[in-house]
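# Geometric and topological summary
Letter by letter, the chains look like this.
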Amino acid sequence: MQSPLNLQLRQLQLIVVAFHPGEAEVAELKSSLASLPLTIGYSIVSNDHRPNEPVESLAESADLFLPQECNLGYGRAVNLAVQELRQRGLLSPFLGALNTDLRWETGSLKRLLAWLQCHPEVVLAVPRICDPSGNIQSLCKRDPTVLALISRRFIPRWIKPCWLRRYDSCYVMAECDYEAVLDVPYLSGCCMLMRSKAFEQVGGFDEDFFLYLEDADLTRQMRAKGRTVHLPVASVIHTWGRGNHRSWRLTLVNLKSAWIYFRKWGFSLW
């Protein structure tokens, strides 16, 4: 754990939610976390934690390490960490919500933080997200619709008519310049940076969502507090698992989240 002096310097607190990441994934993340300046700290929530997991190697330099006996899901885990940080007087002006399958170059998070500090109208931002080959992942999206979710999850691209392919492209804002700062209705939860005050004002992540679409819901909530933007002043590398495309159990979780989302915000068919 970090010294009290270091904790007082924090301007950004990264909350990393882990669920049994492997040694290689943890090693890459650890290397990136080790390069953070003193103004940026990190906390770990390890869901369904088991003794001697690789993720425990991150505990020594963490501001907070919270092993959980059960799997809280993503949003609940972030909320738990924010509550603990608040209770301990450690909540910084900015916070991040991150997956474990990320890495970045030294200075990337520092540049993102500096930009946010100069733009008080922005309450939520996501950096440029690239795959391991350096290709930009199209993770800026418009508000979810029934057609968009069905098309992207259940209909193979090779049988989609041209109009549906165009619709998919519109949904991920493919016509926009991903090298520019963009106002985005639905930002990816894999690497969110936000103002702590705005996050607490909206009540954090909605805990009705276990996994999937909690990021769409949070972005929509945060839009009432300020701008929510794609911020390509720095990049992170994201090893995207797309687990729900390989698991029917996760597909059912995704469908449940979609039901919760549309019940809350209204059913938009297309």
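Here goes a summary of the coordinates provided. All values reported here derive from a predicted model rather than from experimental measurement. (Residues numbered from 1 in each chain as written. Predicted model: local features only at pLDDT ≥ 70, side-chain atom pairs only at ≥ 80, totals over all residues. Heavy atoms only, no water.)

A complete count under the given rule lists five aromatic pairs for this structure. Relative to Phe 205, the ring of Phe 199 has its centre 5.8 Å away and its plane inclined at 70°; by these criteria the two rings are edge-to-face. With respect to class, Phe 199 is no different from Phe 205; both count as buried. Between Tyr 261 and Phe 262, the aromatic rings sit 5.5 Å apart at their centres with planes inclined by 85°, giving edge-to-face as the arrangement. On the accessibility criterion, Tyr 261 (0% relative accessible area) is buried. An aromatic cluster is present here, built from Trp 259, Tyr 261, Phe 262 and Phe 267 joined pairwise through their rings. Over the ring of Tyr 186 we find Lys 141, and its NZ or CZ is 4.8 Å from the ring centre. Positioned above the aromatic ring of Phe 154, the side-chain terminus of Arg 153 is 5.1 Å from the ring centre. (Phe/Tyr/Trp six-rings, centres within 6.5 Å; stacked < 30°, edge-to-face > 60°. Buried < 20%, exposed > 50% of the residue type's maximum accessible area, 1.4 Å probe, protein only. Lys NZ or Arg CZ within 6 Å of the ring centre and 35° of its normal.)

Examined against the element boundaries, Ser 46 turns out to sit in strand S2 (residues 40-46). Look at Ser 46 and you get buried, because its relative accessible area is 0%. Within polar-contact distance, the side chain of Ser 46 engages the side chain of His 49 at 2.7 Å. (Helix = DSSP H or I, 4+ residues; strand = E, 2+ residues; numbered from the N terminus. Polar contact = N/O pair within 3.5 Å; in protein donor to acceptor, adjacent residues only side chain to side chain.)

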